[in-house]
Amino acid sequence: MTVYGNFPGSRPRRLRTTPAMRRMVAETRLDPANLILPAFVREGITAPVAISAMPGVQQHTLDTLRKAAVDAVSAGVSGIMLFGVPADEKKDARGTAGTDPDGILQVGLRAVREEVGDDLVVMSDLCLDEYTDHGHCGVLTADGRVDNDATLERYAEMAQVQADAGAHVVGPSGMMDGQVGVIRDALDQTGHEDVSILAYTAKYSSAFYGPFREAVGSSLKGDRKTYQQDPANTRESLRELALDLEEGADMVMVKPAGPYLDILAKVADSVNVPVAAYQISGEYAMIEAAAEKGWIDRDAAIMESLTGIRRAGAQMILTYWATEVAQRLRRS
């Protein structure tokens, strides 16, 4: 080969020559502190129940939930997001188990706070879908539509009982108009001014939620397209973002993460509050299933997917691999 002058004059490969070189010049770093563990606590079980669509994830008893929280702290994970799974017979049209001080989520919150105190940021999913017999995220009208304003009243009650139970952060995920403002008022009026709100700002109506519905024993019939965002839309998410911030959100989130990295990047570029993204059940299940088939390298795919979410602008990532990945990062 004939070389002309100093061609090629620029050789970017010089900065990729060794693992140490690549580590030194890496633009994006993933740290255990970036990670939050979603966890399910189920009423009425004496042993954890495996979730078939999410290999390695389980519905916890109170004892195994406590252990999961301790393990997360030991690994350096920052937070845990709790979801309650009530007994089927306790579900009703208004989701009253969600506002019962002795409901499973509130019991789980108290158990985790008793176990780890402030060593882990304890977060609670604030939504009615796990507790309603129709599976929707709110109260229904006589003709079966979700009643936005009646649902807000229920969310205000949920915020108070979750804060009373020890939540450091509440995560309203129902995508009701005005939910952040109502919840902020409810918390402030009941002496919970220090409880933060992680707003599910851009929660899209997604095909990737399927395994999660098994995880929480969902009773949903139909879909949530009248309140979750349309996957075709971008500007809508920025409108939701502006409203959540105006209403008092302390942190904002994009969900799902992987299919919506463009939205995540736009949100992250637009705000001066912490930004989270939720790597949801379907994202988890696809990697686990493909790895089980031997089609991809499981560990490499997990790290690549999380690095991509971090690179797009998420400071916090909710992922079912949180503890495992945090342990791996500490060993590296």
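Numbering of residues starts from 1 in each chain and follows the order in which that chain's sequence is written. Predicted model: local features are reported for residues with pLDDT of at least 70 only, side-chain atom pairs are reported and counted for 80 or more only, and whole-chain, interface and lining totals are derived from all residues. Hydrogens and water are ignored here; the side-chain numbers use all heavy atoms of the structure.

K.L.:
Which parts of the structure should I look at to understand a nonpolar patch on the surface?
P.N.:
Patch definition: residues above 30% relative accessible area lacking any salt bridge, with like charges linked at up to 9 Å and the nonpolar side chains Val, Leu, Ile, Met, Phe, Trp and Tyr linked at up to 5 Å. Exposure was quantified through the Shrake-Rupley algorithm and a 1.4 Å probe, taking into account, for residues, occlusion by the shown protein chains and nothing else. We define a salt bridge as a side-chain nitrogen of Lys or Arg found within 4 Å of a carboxyl oxygen belonging to Asp or Glu. On the surface, a nonpolar cluster with roughly 290 Å² of combined accessible area is contributed by Leu 15, Met 24 and Val 25. Note on conventions: DSSP H or I runs of at least 4 residues are helices, E runs of at least 2 residues are strands, and numbering of each starts at the N terminus. Checked against the element boundaries, Leu 15 lands in the segment before helix H1 (19–25). For each residue, the accessible area found with a 1.4 Å probe, counting protein chains only, is set against the maximum for its type, and the residue is called buried under 20%, exposed over 50%, and partly exposed in between. Relative accessible area serves as the criterion here: at 46%, Leu 15 is assigned to the partly exposed category.

K.L.:
Where do I start with the packing of aromatic side chains in this structure?
P.N.:
A ring pair, where both rings are aromatic, is described by two values, the distance of the centres and the angle of the planes. Two aromatic rings, drawn from Phe, Tyr or Trp (for Trp, its six-membered ring), form a pair once their centres lie within 6.5 Å of each other, and the interplanar angle then sorts them: stacked below 30 degrees, edge-to-face above 60, tilted otherwise. Following the criterion strictly, the structure yields 6 aromatic pairs and no others. Ring plane angle 15 degrees and centroid distance 6.0 Å describe the contact between Phe 40 and Tyr 320, whose orientation is recorded as stacked. Within this pair, whereas Phe 40 is found in strand E1 (residues 35–42), its partner Tyr 320 is found in the loop between strand E10 (316–318) and helix H11 (322–331), the two being separated by 280 residues in sequence. Ring geometry for Tyr 284 against Tyr 320: centres 5.8 Å apart, planes inclined by 75 degrees, an arrangement best described as edge-to-face. Residue Tyr 284 is found in helix H9 (residues 281–292), and its partner Tyr 320 is found in the loop between E10 and H11; the two are separated by 36 residues along the sequence. Residue Tyr 284 shares its accessibility class with Tyr 320, and that shared class is buried. Connected via pairs of aromatic rings, a cluster forms that spans Phe 40, Phe 83, Tyr 278, Tyr 284, Tyr 320 and Trp 321. Sitting above the plane of the Tyr 209 ring, Lys 203 keeps its charged end 5.9 Å from the centroid. Working rule: Lys NZ or Arg CZ, within 6 Å of ring centre, within 35 degrees of ring normal, means a charge sits over the ring.

K.L.:
Explain helix H8 (residues 261–270) here, please?
P.N.:
Residue pairs spaced three or four apart in an α-helix point in one direction, given the helix's 3.6 residues per turn. Taken together, the buried positions of H8 are occupied by Ile 263, Leu 264 and Val 267. What you see down the axis of H8 is that its buried residues fit within an arc of 100 degrees, all on one side. Whether two residues touch is decided by their heavy atoms; if any such pair falls within 4.5 Å, the residues are in contact. Buried residues along H8 sit against strand E7 (196–203), helix H7 (235–247), strand E8 (251–255), strand E9 (275–278) and helix H10 (298–311). When we speak of the arc, we mean the arc of directions from the helix axis to the C-beta atoms.

K.L.:
What am I meant to see in a positive patch on the surface here?
P.N.:
We count Lys and Arg on the positive side and Asp and Glu on the negative side, and we leave His and both chain ends out. Charge placement uses NZ in Lys and CZ in Arg. For Asp and Glu, CG and CD serve respectively. Where like charges cluster on the molecular surface, the positive patch consists of Arg 11, Arg 13, Arg 14 and Arg 16. With respect to the helices, strands and loops of the structure, Arg 14 is situated in the segment before H1.

K.L.:
In this structure, what is going on with empty space enclosed by the protein? I would like to understand it.
P.N.:
Using only the protein atoms, space was sampled on a 1 Å grid; points where a 1.4 Å probe fits but cannot get out form cavities, open sets with protein on both sides within 12 Å along at least five of seven lines form pockets, and lining residues are those with an atom within 4 Å of a point. Grid points are joined across faces, edges and corners, and a volume is the space filled by probe spheres set on the points. The final tally for this structure, using the stated rule, is 2 cavities of 30 Å³ or more. A volume near 100 Å³ is recorded for the largest cavity. Each residue gets one of three labels, nonpolar for Ala, Val, Leu, Ile, Met, Phe, Trp, Tyr, Cys and Pro, charged for Asp, Glu, Lys and Arg, and polar for the others, Gly among them. Taken together, the residues of the lining of the largest cavity break down into 4 nonpolar, 2 polar and 7 charged. Lining the second largest cavity we find Tyr 209, Phe 212, Lys 255, Tyr 278, Ile 280, Ser 281 and Tyr 320. Counted by class, the lining of the second largest cavity contains 5 nonpolar, 1 polar and 1 charged residues.

K.L.:
How should the pattern of salt bridges be read in this particular structure?
P.N.:
Side chains bearing opposite charge may pair, as long as their charged atoms lie close to each other. Within this structure, the stated rule accounts for 16 salt bridges. With a shortest N-O distance of 3.0 Å, Arg 66 and Glu 115 are connected by a salt bridge. Of this pair, Arg 66 sits in helix H2 (residues 62–75) while Glu 115 sits in helix H3 (residues 104–116), and the two are 49 residues apart along the sequence. For Arg 66, a relative accessible area of 23% puts it in the partly exposed group. Across the salt bridge formed by Arg 154 and Glu 157, the nearest N and O atoms sit 3.0 Å from each other. Taken together, the residues span about one helical turn, with Arg 154 and Glu 157 both in helix H4 (residues 148–165) at a distance of 3 residues. Given the relative accessible area of 2%, Arg 154 is considered buried. Salt bridges here are not isolated pairs; linked through shared partners, they connect Glu 288, Arg 298, Asp 299, Glu 324 and Arg 328.

K.L.:
Please explain H2 as it appears in this structure.
P.N.:
Between the first and last residue of a helix there are one fewer steps than residues, each counted as 1.5 Å, and that sum is the expected span. Across its 14 residues, H2 extends 20 Å between first and last C-alpha, which sits within 8% of the 20 Å expected from 1.5 Å per residue. By the burial criterion, the buried members of H2 are Leu 65, Ala 68, Ala 69, Ala 72 and Ala 75. When H2 is viewed along its axis, its buried side chains cluster within an angular range of 130 degrees and face the same direction. Turned more than 90 degrees away from the buried face of H2, the exposed residues are Asp 63, Lys 67 and Ser 74. Within two residues after H2, Gly 76 carries a phi angle of roughly 95 degrees, on the positive side.

K.L.:
Explanation requested: the environment of Ala 156 in the structure shown.
P.N.:
Tracing the backbone through its elements, the reader meets Ala 156 in helix H4. Each C-alpha atom, one on Ala 156 and one on Ala 186, is 5.4 Å from the other, the two residues being 30 residues apart in sequence. Residues contacting Ala 156, with those up to four places away along its chain left out, are Val 182 and Ala 186.

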